[in-house]
Amino acid sequence: MKKLILAGIAIIIASVSASAQLDLTWGVKGGAQLSTLCSNSNSIISYKPTLGYYGGVEVVAHFSPSSRMVFNWIYSKEGSDYEMKGTNVTGNVDVQYMYDEILYRFAAGRKQRFSADIGIGAGLPFVGKNRMDGVSGATDFYEKMPIFQLQTLLGVNYLIGKHLNIQLRVTPFTTKIVKEGDHKASRRSCQLGLMYSFR
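This is a predicted model, so every value here is computed, not measured. (Residues numbered from 1 in each chain as written. Predicted model: local features only at pLDDT ≥ 70, side-chain atom pairs only at ≥ 80, totals over all residues. Heavy atoms only, no water.)

**With respect to the overall build of the protein**
Counting secondary structure elements, the protein contains one helix and 11 strands. Reading the protein from its N end, one meets helices and strands in the order α-β-β-β-β-β-β-β-β-β-β-β. Taking all 199 residues of the protein together, 40% fall into the buried category. Of all intrachain contacts in the protein linking residues separated by at least 6 positions in sequence, the fraction that spans at least 24 positions is 61%. Of the roughly 10800 Å² of accessible surface on the protein, a fraction of 65% belongs to carbon and sulfur atoms. (Helix = DSSP H or I, 4+ residues; strand = E, 2+ residues; numbered from the N terminus. Buried < 20%, exposed > 50% of the residue type's maximum accessible area, 1.4 Å probe, protein only. Contact = heavy atoms within 4.5 Å. Areas by Shrake-Rupley, 256 points an atom, 1.4 Å probe, with all protein chains shown as cover.)

Okay, here's the thing in structure tokens:
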């Protein structure tokens, strides 16, 4: 399934490039990620952010000096610490995703060094584990996770020199990662990293 999605997006990029003769650039990216889960108000679980990381490949189609379409393929390790309300039970949720993302990028300023992103993504989970403090081993809840998860993306970038970008990205909304009875939870994350472009 993942290979089919990646292959489909690659075909779309190739066909658009061939027909419109777009200027394509690509690069590698990675950095630190602060993520957490957000539960509904009547949930008995309270979540706290944890630090993770991400890395991947970025392809940019340049329509004009200021207008671009961005395609990302990203591996992300994220999760959240948690506490059961009214108890001393604590633990950690570990989730890992592969993301396919499509964003529109608008560049401005001198030499278009500043740019802003807005877009959507689909996350394909392949790890989902719950580790409870004081208990050996971990509970695997991967099979209970949705096949894929949708998210919105916002970001800003600053170009240093010709090839290096500082990138800040947030995911203000995602579909649910957990749906069990009265407990429902979705993800939130903030990424800070670098992208090196091979132009």
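**Observations concerning the pattern of salt bridges**
Enumeration according to the criterion identifies eight salt bridges in this entry. Put simply, Arg 187 and Glu 78 hold a salt bridge, and the shortest N to O gap is 2.3 Å. Here Arg 187, found in strand β11 (residues 183–198), pairs with Glu 78, found in strand β4 (residues 67–84); they are 109 residues apart in sequence, far enough to count as distant. As far as burial versus exposure is concerned, Arg 187 and Glu 78 are alike and both buried. For Asp 117, the salt bridge identified is with Arg 105, shortest N-O distance 2.7 Å. Placement of the pair is Asp 117 in strand β6 (residues 114–132) and Arg 105 in strand β5 (residues 90–108), with a sequence separation of 12 residues. The exposure class assigned to Arg 105 is buried, which follows from its relative accessible area of 4%. Here the salt bridges do not stand alone but share partners, grouping Lys 29, Glu 58, Arg 105 and Asp 117 into one network. (Salt bridge = Lys/Arg side-chain N within 4 Å of Asp/Glu carboxyl O.)

**Things to note about the packing of aromatic side chains**
Given two aromatic rings, one states the distance between the centres and the angle between the planes to describe the pair. Scanning the entire structure with this criterion turns up seven aromatic pairs. Residues Trp 26 and Phe 198 carry aromatic rings whose centres are separated by 4.7 Å and whose planes lie at 25° to one another, so their mutual orientation is stacked. A residue pair is termed long-range when its members are at least 10 positions apart, and Trp 26 in strand β1 (residues 23–39) and Phe 198 in strand β11 qualify at 172 residues. With relative accessibility at 43%, the residue Trp 26 sits in the partly exposed group. (Phe/Tyr/Trp six-rings, centres within 6.5 Å; stacked < 30°, edge-to-face > 60°.)

**Points about the side chain of Gln 167**
Tracing the chain through its elements places Gln 167 in strand β9 (residues 164–174). According to the relative accessible area criterion, Gln 167 is buried, its value standing at 1%. Reaching out from Gln 167, the side chain makes a polar contact with the side chain of Asn 157 at a distance of 3.2 Å. (Polar contact = N/O pair within 3.5 Å; in protein donor to acceptor, adjacent residues only side chain to side chain.)

Functional significance is not addressed by these values, which are geometric in nature.
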